[in-house]
Protein chains: 2
Amino acid sequence: MNGRNGRTVSIPTIRDVASHAGVSVATVSRVVNNSLHKVHPATRQRVLRSVHRLSYHPNVMAQGLRRGTSHSIALIVPDISNPFYPAIARGAEDVARQHGYVLVLGNTDGDPGRERAYLDILRKRWVDGVLFASAGGDDRHLRALRASGVPAVLIARDVAAGAVDTVLVDSYAGMRQATSHLLRLGHRRIAYIGGPHSLSVARERLRGYRQALRDFSVPPDPSLITSGDFRVDGGRAAIRRLMERRRLFTAVVAANDLTAIGAMEALRSAGRGIPDDVAVVGFDDIPFAAFVDPPLTTVAQPTYRLGALAMERLLALMREEAATTRRIMLQPQLVVRRSCGAYLLAGPTS
Amino acid sequence: MNGRNGRTVSIPTIRDVASHAGVSVATVSRVVNNSLHKVHPATRQRVLRSVHRLSYHPNVMAQGLRRGTSHSIALIVPDISNPFYPAIARGAEDVARQHGYVLVLGNTDGDPGRERAYLDILRKRWVDGVLFASAGGDDRHLRALRASGVPAVLIARDVAAGAVDTVLVDSYAGMRQATSHLLRLGHRRIAYIGGPHSLSVARERLRGYRQALRDFSVPPDPSLITSGDFRVDGGRAAIRRLMERRRLFTAVVAANDLTAIGAMEALRSAGRGIPDDVAVVGFDDIPFAAFVDPPLTTVAQPTYRLGALAMERLLALMREEAATTRRIMLQPQLVVRRSCGAYLLAGPTS
DNA sequence: TTGTACGCGTTATCAG
DNA sequence: CTGATAACGCGTACAA
């Protein structure tokens, strides 16, 4: 009887192995843990054979109780069904699994209360580390996390307080790259539809747009800079505003993909061609730019790598190889799907 | 010292609470576990106060070791970055969290070896239950799982052997509904682009198409029934084949969204209008039908509910309320985004 | 109604 | 090199 559902499958313990091999539990433990403690090769073989014979696996719970470790790592995101996160989760899980850890997934909807609650739960569960995609710029939870001593890596979001490891995508560089592409194609009057100013990614993207103009010595026209809400409606509304005010532009840069889709829609229904007439650029966080019509050139974010790298960093932290806290910036990449100059780029939009 | 990273935050144990409240550990245990064992109201209050005062939380590891339970549930999917799964994960996690469980996420890429390996890991970890989205029709792992006594619920896939609880979306009904809609609009020559015959969902969808024709007394034309690969290319190729052979049709039903997109593309580049000329129907598993141009009417799968329901069923199973193994079929819903008769429907495509 | 003491399976310390 | 044994924190017979 092992307490599992009435089934009476007797799972072998370290003691079973010990008696089967005719040694003590201590020796078995030393063997299975590759302890630096010397153990006679012959004995080791005997033990190993018994382990295999009984198909013994150490009880993770007991190990955890003893070592204060659970061999599990949490990934906390606002919402896994937001298309920005699944690839991150996949990257993180792949690396975790390779290192013998399992991934615990938590959704917070970006609600600070739920974020805090989850962090509490994880502490209770002796999670060995946390990958945290916070929603807001609020860093109090991080402080708490830090204080509790659980290694943590922040992903996809920037936080003012620099005392925590971070892995994110370079919004600034991405948008600079996208805007430069339009400029190289000859566009000079490029409208910008940004995101909410409260989000650092939105601010960074705008900065990238501005820098690109500067690079090409094009004076920025404030009347072409408007902002949306990272949703389709925002893009639609922004274009309508621009057209009502009779602004002239030959291209549009949108702060994310949904905004770009809204913009394209509004442009089209106003009778302007895409992309013969107007080039649209967005910053996409949803991997479906290829299926939009017309298919959009995309500055894709390396979300899988982001997850994988963050996990690797976290593991390093857990091994105490964390000499100093780092801030890792991944570069998004321009994926040209058509030559005419319409794009999408990507970033979390919640 | 609690073994966590050298931090010396002393986490209170049940003994701390006991001494703080001036009672024995047994009493504390009885209180925090709402044991049926009688305990004096006054004593209970004292204990509760101490618990709160010290912010005591039972050590999950120790509980687990003692009770053979981990308060965690695994969700095993082929690939979380396949857009069909994130909403399922979200639904499952929401329900799990409400019941005090955490969700462990695993990706198998549909590889039987990896599926098996993961199931092994989970057994070792004393996971309390498993939500399993197998890739193939292979049910050996399920047998193994079943044999190990871990409660399990199969999701999104059908499996021949009926001895396991299953929650899935009714592919047959969905496709019948979609096809009927086209028939009601007056279409009679409706091409069908199916999925790989090895997948039961593909077979079910074809069956739904056929039934709809029968419902309307339209004799099925075998030359209009072709098959794809659940990818964009398959849809494209299928349409080209049909047109090369000069088949006449006024509508297309595709077995999934990507196929439908390919079909639309091929139709358009052949100079046929969408949807004025041809109505396209797919079965979509990727929630972006709204962003395709023209936006597609969709028979959407209730993936969130699928995850939530499966988790609820699993919890019932774990509470041994599983009188008999059940097979729960969720109905997909037609979401009409345009009146003209172009659609997408959804299902897992891996 | 409350308390004592054992065991869950491991690991680490200390003697041999 | 090996073995006995004391924790780790909790739940629960059993005794009081």
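For every chain, the first residue of its written sequence is number 1, and the numbers climb from 1 along that sequence. Following the order in which they are written, the chains are lettered starting with A and the ligands numbered starting with 1. Per-residue local features are limited, in this predicted model, to residues with pLDDT of at least 70; the limit for side-chain atom pairs, both in listing and counting, is 80 or more; totals at the level of whole chains, interfaces and linings are taken over all residues. Water and hydrogen atoms were dropped before computing side-chain values, which therefore reflect all heavy atoms in the structure.

Draft legend 1. Local environment of helix H1 (residues 14-21) of chain B. Residues and elements named next belong to chain B. When we look at burial in H1, the residues that qualify are Val 17, Ala 18 and Ala 21. All buried residues of H1 lie within an arc of 100° about the axis, which places them on one face of the element. The exposed set on the far side of H1, more than 90 degrees from its buried face, consists of Arg 15 and Ser 19. Buried residues along H1 sit against helix H2 (25-32) and helix H3 (41-54). Definition of a polar contact: a pair of N or O atoms within 3.5 Å, with one able to donate and the other able to accept a hydrogen when the atoms are protein atoms, and with sequence-neighbouring residues admitted only if both atoms are side-chain atoms. Runs of E in the DSSP output that reach at least two residues are strands. Runs of H or I that reach at least four are helices, and both are numbered from the N terminus. Between a side-chain oxygen at the N-terminus of H1 and the backbone nitrogen of Arg 15 the separation is 3.0 Å; the capping residue is Thr 13. Remark: exposure states derive from per-residue accessible area (1.4 Å probe, protein chains only) relative to the maximum for the residue type, with buried under 20%, exposed over 50%, and partly exposed in between. Starting at the helix axis, one direction is taken to each C-beta atom, and the arc is that of these directions. The criterion used for residue contact is that any of the two residues' heavy atoms lie within 4.5 Å.

Draft legend 2. Region of the structure containing the interface of chain A and chain B. Across the boundary between the two partners, chain A contributes 59 residues, which contact 58 residues of chain B. In short, buried area is how much 1.4 Å probe accessible area vanishes from two parts on joining, totalled over both. Buried area between chain A and chain B, summed over both chains or domains, comes out near 5,200 Å², and the portion from carbon and sulfur atoms is 59%. Put simply, a salt bridge is a Lys or Arg side-chain nitrogen that is within 4 Å of an Asp or Glu carboxyl oxygen. The interface formed by chain A and chain B includes four salt bridges. Linking chain A with chain B are ten residue pairs in polar contact (both at pLDDT 80 or more). Contributing elements (two or more residues each) for the side of chain A that touches chain B: helix H4 (60-67), helix H5 (86-98), strand E2 (102-107), helix H6 (112-124), helix H7 (140-148) and helix H11 (257-269) of chain A. For this classification, the nonpolar set comprises Ala, Val, Leu, Ile, Met, Phe, Trp, Tyr, Cys and Pro, the charged set comprises Asp, Glu, Lys and Arg, and every other residue, Gly included, is treated as polar. Across the side of chain A that touches chain B, the residue classes break down as 28 nonpolar, 15 polar and 16 charged. For two strands to be treated as a pair, DSSP must find at least two bridges joining them. Bridge count between E2 of chain A and strand E2 (residues 102-107) of chain B: three bridges; the pairing is antiparallel. Its bridge partner being in E2 of chain B, Leu 105 of chain A is matched across the sheet by Leu 103 of chain B.

Draft legend 3. How the structure looks around the packing of helix H6 (residues 112-124) of chain B against helix H7 (residues 140-148) of chain B. All names here are of chain B. Here, axes are lines fitted to C-alpha atoms. For helices the fit covers the stretch in contact, and angles between N-to-C directions go from 0 to 180 degrees. Here H6 crosses H7 at 10°, and the two axes come no closer than 10 Å. Taken as axis vectors, H6 and H7 run roughly parallel relative to one another. Between H6, through Pro 112, Glu 115, Arg 116, Leu 119 and Arg 123, and H7, the contact on the second element is made entirely by His 141, Ala 144, Leu 145 and Ser 148. Among the residues making up the contact of H6 with H7, the classes are represented as four nonpolar, two polar and three charged. Every angle not falling under 35 degrees, over 145, or within 65 to 115 is termed oblique; those three ranges are roughly parallel, roughly antiparallel and roughly perpendicular.

Draft legend 4. Geometry of the protein's contact with DNA strand C. We define proximity as follows: a residue is near a molecule or strand when any one of its heavy atoms falls within 4 Å of that partner. DNA strand C sits among 28 residues. The nearest are Ile 14, Tyr 56 and Arg 66 of chain A together with His 37 and Thr 43 of chain B. A share of 61% is what sugar and phosphate atoms reach among the atoms of DNA strand C within 4 Å of the protein. In this structure, a phosphate oxygen belonging to DNA strand C sits 3.0 Å away from a main-chain N or O atom of Asn 59 of chain A. Residue Thr 43 of chain B places a side-chain N or O atom 2.3 Å away from a phosphate oxygen belonging to DNA strand C. Put simply, the parts of the chain that give the surface near DNA strand C at least two residues each are helix H1 (14-21), helix H2 (25-32) and H4 of chain A together with H2 and helix H4 (60-67) of chain B. Tallied by class, the residues present in the surface near DNA strand C amount to ten nonpolar, eleven polar and seven charged.

Draft legend 5. Structural context of the pairing of strand E6 (residues 190-194) of chain B. All names here are of chain B. Of all five residues in E6, five are buried, a share of seventy percent or more. The alternating pattern of E6 places Ile 190, Tyr 192 and Gly 194 on one face and Ala 191 and Ile 193 on the opposite face, and all of these are buried. Taken together, the four bridges between E6 and strand E8 (residues 251-254) define a ladder with parallel strand orientation. Paired with Ala 191 across the strands is Val 252, a residue of E8. Pairing of E6 with strand E7 (residues 225-227) involves three bridges; the strand directions are parallel.

Draft legend 6. Structural view of the packing of H1 of chain B against H3 of chain B. All names here are of chain B. Their axes nearest at 9 Å, the elements H1 and H3 cross at an angle of 125°. Comparing the axis directions of H1 and H3 gives the class oblique. For the crossing formed where H1 meets H3, the hand is right-handed. In this structure, H1 contributes Asp 16, Val 17, His 20 and Ala 21 to the contact, and H3 contributes Arg 46, Val 47, Ser 50, Val 51, Arg 53 and Leu 54. Class assignment of the residues belonging to the contact of H1 with H3 gives a composition of five nonpolar, two polar and three charged. By definition, turning the near helix anticlockwise from the far helix through less than a right angle yields a left-handed crossing, and turning it clockwise yields a right-handed one.

Draft legend 7. Empty space enclosed by the protein, seen in detail. Here a cavity denotes a set of grid points, spaced 1 Å apart and computed over the protein atoms alone, in which a 1.4 Å probe fits but from which it cannot get out, and a pocket denotes an open set meeting protein on both sides within 12 Å along at least five of seven lines; residues with an atom within 4 Å of a point are reported as lining. Grid points are joined across faces, edges and corners, and a volume is the space filled by probe spheres set on the points. Evaluation of the coordinates by the stated rule reveals two cavities of 30 Å³ or more. In this structure, the largest cavity encloses a volume near 250 Å³. Together, 16 residues line the largest cavity, and Ser 70 and Ser 72 of chain A together with Ser 70, Ser 72 and Arg 125 of chain B are the ones closest to its centre. Every element with two or more residues in the lining of the largest cavity is listed here: H4 and E2 of chain A together with H4 and E2 of chain B.

Draft legend 8. Representation of the packing of aromatic side chains. All names here are of chain A. When two rings of Phe, Tyr or Trp (its six-membered ring) have centres within 6.5 Å they constitute a pair, described as stacked for plane angles under 30 degrees, edge-to-face for angles over 60, and tilted for the intermediate range. Across all of its chains, the model carries four aromatic pairs over all chains by this definition. Between the aromatic rings of Tyr 192 and Tyr 209, the centroid separation amounts to 4.7 Å while the plane-to-plane angle is 35°, which identifies the pairing as tilted. Taken together, the positions of Tyr 192 in strand E6 (residues 190-194) and Tyr 209 in helix H9 (residues 200-215) put the pair 17 residues apart, joining distant regions of the chain. Note on geometry: a ring has a charge over it if NZ (lysine) or CZ (arginine) is within 6 Å of the ring centre and within 35 degrees of the ring normal. When the ring centre of Tyr 172 is taken as origin, the NZ or CZ atom of Arg 207, which lies over that ring, is 4.0 Å away.

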